[in-house]
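Listed here are the chains, written in short residue letters.
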Amino acid sequence: MTEKILVKERTGKYEELLNDCIEPETFIVDWEMNTNYELSFTAFDDHSLAFSLLTNENHILTDGQEFVIKTSEPTLSGSTHTIDVKATHIGYECTYVRTNESMDGSFGFTPKGLFDYVTKNGQNAGGFTYEIHGDFQPVQFDNMGKCSLKDVLSKITDSWKGSVYTFDNRHIDIWSESEFKKDNGRVIHYYHDTSDVS
């Protein structure tokens, strides 16, 4: 583990380097397209402020991305105190950005229109921004109810075949299938860039 890993108290009051108490072989970042982006690790108690900050809803920062601790399970074995941590990417906090309005009838929306509907044209975006990559034709939706930005992401991937969303902290990129699969000239080397190819 060569990158810096920080833990930050949810209000931002404390931020500490976490590398010294993480068991390196347990540190895993897992990303599944349109489904999951999380990290997990085991930390041992080195009596540091960093270790004491490993509680639910505090943040982990690594490789330029921010994650929110969702579970922190302590274990005591003899005199060894450890915590198993699971944290989801901060992008999934978009579930808390929602509209309480509903629209009856049938309406044609693009991904931009769906975002604007939930965020009231960006005025209620909760710090989230977005960018659309590619062409998306309007799709009919019936009786739009109360929903969150996370619901919008599900509607997009369900309604536009092959579409993908990615997070860069609180920035959401929506990709059409053709834009996401575009050759960008980069090569992934087995065991150098990844140890798992499927």
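Located above this text is the structure these notes cover.
Below: a short report on this structure.

1. Focus on the overall build of the protein
Along the protein, the regular secondary structure elements total four helices and 14 strands. Taken along the three principal axes of its C-alpha coordinates, the protein extends 65 × 40 × 25 Å. Across the 198 residues of the protein, 36% fall into the buried class. For the protein, restricting intrachain contacts to residue pairs at least 6 apart in sequence, the fraction spanning at least 24 positions comes to 57%. Surface exposure of the protein reaches about 11,600 Å², of which carbon and sulfur atoms provide 47%. Charge-centre separation for the protein: the mean point of 17 positive side chains lies 7 Å from the mean point of 33 negative side chains.

2. As for the sheet that holds strand E7 (residues 80-89)
Spatial ordering of the open sheet is given by E2-E1-E5-E6-E7-E4-E3, a layout of seven strands whose pairing is antiparallel. The open sheet is flanked by strand E2 (15-17) and strand E3 (28-32), the only strands paired with a single partner. Recorded for the sheet is a direction-independent mean angle of 30 degrees between the axes of neighbouring strands. Alignment of strand E5 (residues 59-62) against strand E6 (residues 65-77), held across four bridges, turns out to be antiparallel.

3. Focus on helix H3 (residues 149-159)
Every α-helical turn comprises 3.6 residues, leaving residues that sit three or four positions apart pointing alike. All buried positions along H3 are accounted for by Leu-149, Val-152, Leu-153 and Ile-156. End-on, the buried residues of H3 take up no more than an arc of 100 degrees, which puts them together on one face. Contacts from the buried residues of H3 go to helix H2 (111-119), strand E12 (147-148), strand E13 (164-168) and strand E14 (171-175). One side-chain oxygen of the residue at the start of H3 lies 3.3 Å from the amide nitrogen of Lys-150, identifying that residue as Ser-148.

4. Quick word on the packing of H2 against H3
As a packed pair, H2 and H3 sit with axes 10 Å apart at the nearest point and diverge in direction by 165 degrees. By the criterion of interaxial angle, the relationship of H2 to H3 is roughly antiparallel. Crossing handedness for the pair H2 and H3: right-handed. Residues Pro-111, Leu-114, Phe-115, Val-118 and Thr-119 of H2 lie in contact with H3, whose contacting residues are Leu-149, Val-152, Leu-153, Lys-155 and Ile-156.

5. What to know about the sheet that holds strand E10 (residues 129-133)
One open sheet accounts for three strands, arranged E10-E14-E13; its pairing is mixed. If you trace the sheet from one side to the other, it starts and ends with E10 and E13, each paired once. Averaged over all neighbouring strand pairs, the angle between strand axes comes to 20 degrees, with direction disregarded. With five bridges connecting them, E10 and E14 associate as parallel partners. Each bridged residue has a counterpart across the sheet, and for Ile-132 the counterpart in E14 is Ile-174. Helix-sheet contacts for H2 involve E10 and E14, and the interaxial angle to E10 is about 165 degrees.

6. Notes on the pattern of salt bridges
Overall, the coordinates contain five salt bridges when judged by the stated rule. Asp-116 is the salt-bridge partner of Lys-112, the closest N and O atoms lying 2.7 Å from each other. Of the two residues, Lys-112 and Asp-116 are both situated in helix H2; the distance of four residues between them amounts to about one turn of the helix. Via salt bridges that share partners, Glu-57, Lys-70 and Glu-93 belong to a single interconnected network.

7. A closer look at H2
Taken across its nine residues, H2 has seven buried, putting it largely inside the fold. Looking at H2, one finds that the buried residues are Pro-111, Leu-114, Phe-115, Asp-116, Tyr-117, Val-118 and Thr-119. Lys-120 occupies a position one or two residues after H2 and carries a positive phi of about 55 degrees.

Calculation notes
Residues numbered from 1 in each chain as written. Predicted model: local features only at pLDDT ≥ 70, side-chain atom pairs only at ≥ 80, totals over all residues. Heavy atoms only, no water. Helix = DSSP H or I, 4+ residues; strand = E, 2+ residues; numbered from the N terminus. Buried < 20%, exposed > 50% of the residue type's maximum accessible area, 1.4 Å probe, protein only. Contact = heavy atoms within 4.5 Å. Areas by Shrake-Rupley, 256 points an atom, 1.4 Å probe, with all protein chains shown as cover. Lys, Arg positive; Asp, Glu negative; His and termini not counted. Charge placed at Lys NZ, Arg CZ, Asp CG, Glu CD. Pairing = 2+ DSSP bridges. Axes fitted to C-alpha atoms, helices over the stretch in contact; angles between N-to-C directions. Arc of directions from axis to C-beta. Polar contact = N/O pair within 3.5 Å; in protein donor to acceptor, adjacent residues only side chain to side chain. Parallel < 35°, antiparallel > 145°, perpendicular 65-115°, else oblique. Left-handed = near helix turned anticlockwise from the far one by under 90°. Salt bridge = Lys/Arg side-chain N within 4 Å of Asp/Glu carboxyl O.

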